[in-house]
Amino acid sequence: MPLQDWIHKLEEGAGAKIIKWLAAGLAFVVVAAIYDTFAYQGFSSPEAMENAQLARNLAQGKGYVTDSIRPLDLYLLDRTEPGAAHKALREGVPDLTHPPAYPVVLAGLMKALPFQFTAKQPWFYAPERWLAVFNQALLFAAVVLLFRITRRLFDSRVAWLAAIVFAGTELFWRFSLSGLSTIFLEVIFLAMIFAMLALEGRARTMPAASVAGWAIVVGALAGLGALTRYAFGWVIVPAMLFCGWAVVRGRGRTAAIVFVSFAVVVAPWLARNRMLSGSVFGTSVYALVEETPPFQGETLERSLNPEAAFKQMRTAYLKEKMFSNLQKIVGEELPTMGGNWLCAFFLVGLLIPFRNPALRRLRYFLVAALLVFTLEQALGRTFLSAETPGLNTENMLVILAPLLFAYGAGLFCTLIDQLNLMTADVRGAAIGLFVVVACLPLALAALAPPQIPPTSPYAPKFVQATAHIMSEKELMMSDIPWAVAWYGQRPCLWLTLNDSDEFYRASALQPVQAVYLTQRTTDSRLLTELSGSTNSWGRFFWDCWAHGEVPGGFPLKKAPAGFLPDQMLVSDRVRW
């Protein structure tokens, strides 16, 4: 090949594209290294720790069983099959809360990479770094997908702007470090959008078999998303409408193919849940009634027999929960959705007509998904939203943000082009300034890294050392069971509702041989709230602290030194 042809390829052909993507990838790696160096924190979300310990159990061949054991799980198991809870505590409690896709992927990662689960530093846990790197690789994949989607809808300039702003949004970097499934779900969602646009763009020229093939891909990806987060499954409704609308002939058939493909993917797992718990979504379905008057906080998940509380439920409570949360979402979360004000350009752009039918149809899809996710987020909010505000799997709106960035970038570039007084250099400078301002929170996060709260109970080395006083078959109870399961690799029951009848009911299934209380219970504000009940764990801790001994009649009497006043451990015998 002549030298001039090589030069041409490097400057304008495939070589130029390769160089651009290599440069983009290198820039992403540099940003990731800087961000991880200065802003890294360990896991703080119960969901992240539960998914991680599920993945480790899978990788070690134990099956889809959890060491973070909800009393509600035991109640559902026994309700479906008497005696099943006792058997599960001996052989492994099946997880009834988390869908399997993300833990299965993490399990494969844990088998492929040299994970070491021994905590060697107080606030650093090496497996969490591996998971962060994996999620940041997924984040780069999401950026590439967004670029390709945006270029298909607009042009390369808008695509680069949307991709850079997405890659520079600090909220998604925090999700990458959190250990949550959000970035994984983002990749699935963008891949589904890419498939929907492929179907839409070729529906008039492709044979019917090809249209059906893309419809199957759309439904399967929606199903995979539902097996990552159950609430995502409702996206199948606007997806069916989009695919049916995109084709000229066989609209009903195309929509039906999307749904059948979705159902084939999710049905086996839902049947498994139904067989074990009597509910196709396991304990997740009860998120609807959480944070209502009978079930404040994590009350429901800590209850071994919630029947009496269920009788107190009223339809008015659900209505009150929905409107109260809608007020917060519309007033506080929608304006800052996605952690970047570029989303505001999407909302403004709703008033602008598009001649491109794909742009119109996808915008309607996004509006429908926005309404569905807003309603889901309002009704499905639980204590997790207060535990880690914004950074939790109940934040469904963040999944839509990258596509809103694409529309916002398109509107911004259109407005810049219409300012005829601006020269090309001035327009370029304006776009550059726009990018700098949009990505400024990420830079500030690296300059002023977040600090681990001094009252955080999630010190991996300490939690692991505490858990390891127990053997692998003994049962501990704690107010941070997810951390005991993840760091300590020991089965741990969620703290029961009280230290009297609920505790003894749990011990009757399998003896609880240690209780580990942390700052989640001993926090002074929470202690004040709980001390009014004579059977609360806050009152139990208060009595132990005030009198220097375990209250009379409680079966666990031995307590090592070094835990008080922030934490407390009581055991059936001296183990230290």
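For the structure itself, consult the block above.
J.: What is the right way to look at the nonpolar core in this model?
T.: Nonpolar side chains tend to gather and get buried jointly when the protein is soluble and globular. Formed by 144 residues in total, the largest nonpolar core has its most connected members in Leu161, Phe189, Met192, Ile193, Met196, Phe365 and Trp486. Sort the elements by how many residues they give to this core and helix α10 (residues 182-202) lands first, with 13 residues. Ignoring any residue separated from it by four or fewer positions in sequence, one finds Met192 in contact with Val218, Leu221, Ala222, Val235 and Phe365. Of all hydrophobic cores here, the second largest spans 38 residues; its members include Leu74, Leu77, Ala88 and Leu509.

J.: What is the right way to read the packing of helix α3 (residues 46-59) against helix α6 (residues 101-112) from this model?
T.: The description of two helices packed together rests on the angle between their axes and the distance between the axes. At their nearest, the axes of α3 and α6 sit 8 Å apart, and the two run at 55° to each other. By the criterion of interaxial angle, the relationship of α3 to α6 is oblique. In this structure, α3 crosses over α6, and the sense of that crossing is right-handed. Contacts between α3 and α6 involve Asn51, Ala52, Leu54, Ala55, Arg56, Leu58 and Ala59 from the first element and Tyr102, Pro103, Val104, Leu106, Ala107, Met110 and Lys111 from the second. Tallied by class, residues from the contact of α3 with α6 come to eleven nonpolar, one polar and two charged.

J.: How should I be thinking about the sheet that holds strand β7 (residues 568-571) in this particular structure?
T.: Sheet strands associate in pairs through backbone hydrogen bonding, adopting either a parallel or an antiparallel arrangement. If you trace the five strands from one edge of the open sheet to the other, you get β2-β5-β4-β6-β7, paired in mixed fashion. In this open sheet, the two edge strands, each paired with only one partner strand, are β2 (68-69) and β7. Taken together, the two bridges between β2 and strand β5 (residues 492-494) define a ladder with parallel strand orientation. Opposite Ile69, over in β5, you have Leu493 as the bridge partner. Helix α21 (residues 460-467) contacts β4 (475-478), β6 (512-517) and β7 of the sheet and is inclined by roughly 160° relative to β6. Here helix α22 (residues 481-488) sits on the sheet and contacts β2, β4, β5 and β6; the angle it forms with β5, its principal contact strand, is near 165°.

J.: What exactly am I supposed to notice about the packing of aromatic side chains here?
T.: For any pair of aromatic rings, the description consists of the separation of the ring centres together with the inter-plane angle of the planes. Taken as a whole, this structure holds 38 aromatic pairs when the rule is applied. Centre to centre, the rings of Phe259 and Phe262 are 6.4 Å apart; their planes meet at 35°, and the pair counts as tilted. Taken as a pair, Phe259 and Phe262 lie in helix α13 (residues 251-277) at a separation of three residues, close to a single helical turn. Geometrically, the ring pair formed by Phe295 and Phe310 is tilted, given 5.3 Å between the ring centres and 55° between the ring planes. Of the two residues, Phe295 sits in the loop between α13 and α14 (307-310) while Phe310 sits in helix α14, which places them 15 residues apart along the sequence. Among the aromatic side chains, those forming a connected cluster through ring pairs are Phe43, Phe115, Phe117, Tyr125, Trp130, Trp486 and Tyr487. Seen from the ring of Phe117, Arg56 lies directly overhead, with NZ or CZ sitting 5.0 Å from the centre.

J.: In this structure, what is going on with the pattern of salt bridges? I would like to understand it.
T.: Any two side chains of opposite charge can pair, given that their charged atoms come close. For the structure on display, the rule yields eleven salt bridges. Among the ionic contacts, a cluster of salt bridges with common partners joins Glu474, Asp572, Arg573 and Arg575.

J.: Which parts of the structure should I look at to understand the layout of surface pockets?
T.: Leftover empty space is mapped by rolling, across the atoms, a probe with the size of a water molecule. Considered as a void within the structure, the second largest pocket measures approximately 1100 Å³ in volume. In this structure, the second largest pocket is lined by 48 residues; those nearest its centre are Tyr230, Ala231, Ser284, Val285 and Ala287. Counting residues per element, the ones that place at least two in the lining of the second largest pocket are α3, α6, α12 (236-246), α13 and α17 (357-379). The residue inventory of the lining of the second largest pocket, partitioned by class, reads 27 nonpolar, twelve polar and nine charged.

J.: Which parts of the structure should I look at to understand the side chain of Glu47?
T.: Locating Glu47 in the fold gives a position in helix α3. At 6.5 Å, Arg229 is the nearest oppositely charged side chain to Glu47, a buried residue that forms no salt bridge.

J.: Just checking my understanding: could you explain the packing of α10 against α12 for this structure?
T.: For the pair α10 and α12, the least separation of the axes is 9 Å and the interaxial angle reads 20°. Classified by the interaxial angle, the pair formed by α10 and α12 is roughly parallel. Judged by the sense of rotation from one axis to the other, the crossing of α10 with α12 is left-handed. Between α10 and α12, the contacting residues are Met196, Leu197, Leu199 and Glu200 on the first element and Ala239, Phe242, Cys243 and Ala246 on the second. Of the residues that constitute the contact of α10 with α12, the class distribution is seven nonpolar, no polar and one charged.

J.: Would you mind going over a positive patch on the surface with me for this structure?
T.: On the surface, Lys17, Lys20, Arg148, Arg151, Arg152 and Arg202 cluster together to form a positively charged patch. Elements that contribute at least two residues to the positive patch include exactly α2 (14-39) and α7 (126-153). The greatest single-element share of the positive patch, amounting to three residues, is contributed by α7. Relative to the assigned elements, Lys20 resides in helix α2.

J.: Looking at this model, I keep getting lost on the environment of Ser261. Mind explaining?
T.: As for its position among the elements, Ser261 is in helix α13. Every residue in contact with Ser261, bar those within four places of it in the chain, is listed here: Ile216, Gly219 and Ala220.

J.: It is not clear to me how the pairing of β4 should be interpreted in this structure. Could you clarify?
T.: Consecutive side chains of a regular strand alternate in pointing toward one face of the sheet and then the other. Taking every second residue as pointing to the same face, both faces of β4 are buried, with Leu475 and Met477 on one and Met476 and Ser478 on the other. Relative to β6, β4 runs parallel, the two being bridged by four bridges. Directly across from Met476, in β6, lies its bridge partner Ala514. Taken together, the three bridges between β4 and β5 define a ladder with parallel strand orientation. Note that in β5 the partner of Ser478 across the bridge is Trp494. Chirality of the crossover, the property in question, places the unit of β4, α22 and β5 among those that are right-handed.

So, how was this worked out
- Residues numbered from 1 in each chain as written.
- Predicted model: local features only at pLDDT ≥ 70, side-chain atom pairs only at ≥ 80, totals over all residues.
- Heavy atoms only, no water.
- Core = buried A, V, L, I, M, F, W, Y, C linked by side-chain atoms within 4.5 Å.
- Buried < 20%, exposed > 50% of the residue type's maximum accessible area, 1.4 Å probe, protein only.
- Helix = DSSP H or I, 4+ residues; strand = E, 2+ residues; numbered from the N terminus.
- Contact = heavy atoms within 4.5 Å.
- Axes fitted to C-alpha atoms, helices over the stretch in contact; angles between N-to-C directions.
- Parallel < 35°, antiparallel > 145°, perpendicular 65-115°, else oblique.
- Left-handed = near helix turned anticlockwise from the far one by under 90°.
- Nonpolar A, V, L, I, M, F, W, Y, C, P; charged D, E, K, R; others polar.
- Pairing = 2+ DSSP bridges.
- Phe/Tyr/Trp six-rings, centres within 6.5 Å; stacked < 30°, edge-to-face > 60°.
- Lys NZ or Arg CZ within 6 Å of the ring centre and 35° of its normal.
- Salt bridge = Lys/Arg side-chain N within 4 Å of Asp/Glu carboxyl O.
- 1 Å grid on protein atoms, 1.4 Å probe; cavity = no way out; pocket = protein on both sides within 12 Å on 5 of 7 lines; lining within 4 Å.
- Points joined across faces, edges and corners; volume = space filled by probe spheres on them.
- Lys, Arg positive; Asp, Glu negative; His and termini not counted.
- Patch = residues over 30% accessible without salt bridge, like charges linked within 9 Å, V, L, I, M, F, W, Y side chains within 5 Å.
- Areas by Shrake-Rupley, 256 points an atom, 1.4 Å probe, with all protein chains shown as cover.
- Charge placed at Lys NZ, Arg CZ, Asp CG, Glu CD.
- Right-handed = clockwise from strand over helix to strand, strands pointing away.

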